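Each chain is listed here by its residues.
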Amino acid sequence: MGAPEKLATSSNNSMQRVKVYRLNDDGKWDDQGTGHVTVDYLERSEELGLFVVDEEDNETLLMHRICSDDIYRKQEDTIISWRDSEFSSEIALSFQETTGCSYIWDHICNLQRNLHFDTIRNDSYHGANNELRELPAVELSTLPSILKVVVDGSVTDQLCVTELILHDQIFFRKLMDLFRVCEDLENKDGLHMIYKIVKGIILLNSPQIFEKIFSDELIMDIIGCLEYDMETPHVHHRNFLKDHVVFKEAIPIKDPLALSKIHQTYRIGYLKDVVLPRVLDESTLSSLNSMIHSNNGMVVTLLKDDTTFIKELFARLKSPTTSPDSKRNLVFFLQEFCTLSKSLQVVQQLRLFRDLVNEGIFSVITDILQSEDKKLVLTGTDILIFSLNQDPTMLRSYVSRQEGVPLLGLLVKGMLTDFGDDMHCQFLEIIRSLLDSFSSGGQRDAIVEIFYEKHLDQVINVITSSCPPNGSKNSAKPEILMNICDLLCFCVLHHPYRIKCNFLLNGVVDKVLHLTKRKEKYLVVAAIRFIRTLISHNDEHLMSYIVKNNVFKPIVDAFISNGSRYNLLNSSVLELFEHIRKENIKTLLKYLIDTFWDELAKFDSLPSIQSLKLRYDQAQEHAANNQNNHTETRKRVDERGLEKEEEDYFNEDSDEEDSASASASMTRGSRIRTRPGPGVSNGSGGLVDYEDDEDDEDYKPPPKKQVEEDEGTLEFRLKRKLLAKKEETDIIKKRKLVGKTQTQTQTQKPKESVFATLCSTLSQTVLPSTTTTTTTTTTTSDNKSTNEENKSEESEAEKGVAQL
């Protein structure tokens, strides 16, 4: 590497700010400090190395000798790492700028290539060009030999040729002189051979060679050599570059390095895209693109660091005395400046944009959008897109303020303006970004309020004025109507709370459906898509509005008019019906079939129409079943109510008789006393032992089991009689009385069991039963000693029943 390269490296220190990291024993990266990296000669040596000098105290943070054996790695465009053999550790440089990283990386690669070439040249290498120590003399007779050296040979041979060309300071000058001689003599063979040599040198893919051939001194002759491709028609590239390409400076650029990089970048792009698009391989093409990217970053960095340049730019843009042509050039320059800034790191892009905002870029764009020059207006929107990509909150903050309100109106106007064949969807993109519901804060809410109050009607009126019968002279382009539909769908999705107050009350839905009368089918589909988006909220108030205003009529009419054609319109309507069926939106389902089935029946062969009708029939059948079930349930409830009333009646209408019977039973029961039998305690049998009942020693009470059987049988008969409801009222009263008597028997003392037997005998008379008869007979046989008393008491009980 010579002194010029060393000087070039030193001049770019500002772009090579790095952090130095070293991997410690724990596997973590230790920050060694921040400084500037350069490629320079080591002290007392002809070898080159990397130097990092601390930006604060100018101490050396890193000194590394570049050798051909080290393996360097480039990661994520800003990191270069390698293993340092001297310290046996991993070293990493993290660059602030991608351009600085690319610059140092290219130097490392070139140095390793040169070191590798020197090794090959010094060793005993026996290849095709092992005797080559210098290039053949540049003469007309030696052109075939030069072409063979450049084109033929292995990769190692090409490295050797690259090094020879770089070390021969007059090689290109001699070759270009020979080219001019051949061109003057019209030596086609010589010119064609020179074309192949220059093309082969470019395909060597050396960044250092690119620096030479793209310089101001050689570029025109190099492009002239590439004009003589005998396989293609001759194209005068030099004439185009001289006569038609004019470098315009909206503001004079005083930095010579920035000017040089601007010119070089243009030449590389022209060569890549126009002169050799079919010749370049992927590797060479990638190197040229990397060179363009690095140059762009360097130019933007040099300009943004020049504070006087930025201030002068915005001062001229805001000045009312600036001529229209000058202002036009300034706007185009600002757009290109923002575009080139994408070559910077994201952090650097954000800092640059904030500087532009502080200079008043939004007020400048507001002024640009009011221009009558439509190309200038589109350029202003491109700059706004750049601002959105950097930080949308800054644009929202500006629009939400009083001075920013006109900007939103200008964006809406731009979306509704015909720009010819130029794309103007960026207006829609900017508006959607401003109205985006995913953004937080009061800024968005203020913008949404402004849009719905001032601009929604303006947007809708474009639809009504562009559709029959109104749309004739003032009809908007279909692309504009499509953008409006897209914006309305976006609003429905992101601002559902606005549907009732802004879409329904103002008749927006009906106005959008005017598009179904347009002849462009994709506009009809756009209107259907809007309705499909609307009903996705499944709001009952909205469904009622649709039914009440017969909103689906234009859609069904368009579907019927389309006939059996299978197209996008057919599919969009069927998808709408399918959504209603799947979501089981009963209001719309009933509305569709009840209102439009006569028209839709002719399409019942379509599965979607069949499914829609089937779901409707199922819904109707389900509703009918629910009605029947409801009727039966009410009837059953009424019957249960009657039974309850009847039971309450029998529980309440004989209180006096129940009381009298209970008194009589207690009186008569006092004569029927017994003692507990063996093994029966006073509590277990429910019987009470009276000491004064000495005359009834032979009396034996019936077994408890039999009494329980009598009670269970009596309750079963009582329930059966109540459910049957076929007996006469007097019989039901008798059975109820017996039931009450039996209940009293269960709760009274054991001495009343004889009266319970009497009641059982009476119930047998009323409801004959085999089981009851058997039980009663058994009970009677066990109580033969008291038959006469039972008969007398039975007679009294019958009299009591008769009284009921």
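Our subject is the structure that appears above.
Described below are features of the structure shown in this document. (Residues numbered from 1 in each chain as written. Predicted model: local features only at pLDDT ≥ 70, side-chain atom pairs only at ≥ 80, totals over all residues. Heavy atoms only, no water.)

1. What to know about the overall build of the protein
Right, on to step 1. Scanning the protein from N- to C-terminus turns up 36 helices and 7 strands.
Right, on to step 2. Going through the 804 residues of the protein one by one, you find that 45% of them count as buried.
Right, on to step 3. Here the analysis covers contacts within the protein between residues at least 6 apart in sequence; of these, 65% occur between residues at least 24 apart.
Right, on to step 4. When the accessible surface of the protein is summed, it comes to about 42600 Å², and 49% of that surface belongs to carbon and sulfur atoms. (Helix = DSSP H or I, 4+ residues; strand = E, 2+ residues; numbered from the N terminus. Buried < 20%, exposed > 50% of the residue type's maximum accessible area, 1.4 Å probe, protein only. Contact = heavy atoms within 4.5 Å. Areas by Shrake-Rupley, 256 points an atom, 1.4 Å probe, with all protein chains shown as cover.)

2. Observations concerning the packing of aromatic side chains
Right, on to step 1. Applying the stated rule across the entire model yields 19 aromatic pairs.
Right, on to step 2. Here phenylalanine 559 and phenylalanine 577 contribute two aromatic rings whose centre-to-centre distance is 6.2 Å and whose plane-to-plane angle is 70°, an arrangement assigned as edge-to-face. Within this pair, whereas phenylalanine 559 is found in helix H27 (residues 553-562), its partner phenylalanine 577 is found in helix H28 (residues 568-582), the two being separated by 18 residues in sequence. Neither phenylalanine 559 nor phenylalanine 577 differs from the other in exposure class; each is buried.
Right, on to step 3. An aromatic cluster is present here, built from Phe353, Phe362, Phe386 and Tyr398 joined pairwise through their rings.
Right, on to step 4. A cation sits over an aromatic face here: lysine 613 above tryptophan 597, 5.4 Å from the ring centre. (Phe/Tyr/Trp six-rings, centres within 6.5 Å; stacked < 30°, edge-to-face > 60°. Lys NZ or Arg CZ within 6 Å of the ring centre and 35° of its normal.)

3. A closer look at the pairing of strand E6 (residues 79-84)
On a regular strand, one side chain projects to one face of the sheet and the next to the other, so that they alternate.
Right, on to step 1. In terms of strand pairing, strand E5 (residues 73-75) meets E6 through 3 bridges, oriented antiparallel. Paired with lysine 74 across the strands is isoleucine 80, a residue of E6.
Right, on to step 2. The antiparallel hairpin formed by E5 and E6 contains 3 residues in its connecting segment, where glutamate 76 sits at a positive phi of about 55°.
Right, on to step 3. Connecting E6 to the next strand, strand E7 (residues 89-95), in antiparallel fashion are 4 residues, including serine 88 with a positive phi near 55°. (Pairing = 2+ DSSP bridges.)

4. Thoughts on helix H14 (residues 346-358)
Right, on to step 1. The terminal C-alpha atoms of H14, which comprises 13 residues, lie 19 Å apart, in line with the 18 Å expected from a rise of 1.5 Å per residue.
Right, on to step 2. Residues of H14 that are buried in the fold lie against helix H11 (282-304), helix H12 (307-318), helix H13 (324-340), helix H15 (361-369), helix H16 (374-390) and helix H17 (392-400).
Right, on to step 3. Glycine 360 sits one or two residues past H14 and shows a positive phi near 95°. (Expected span 1.5 Å × (residues − 1).)

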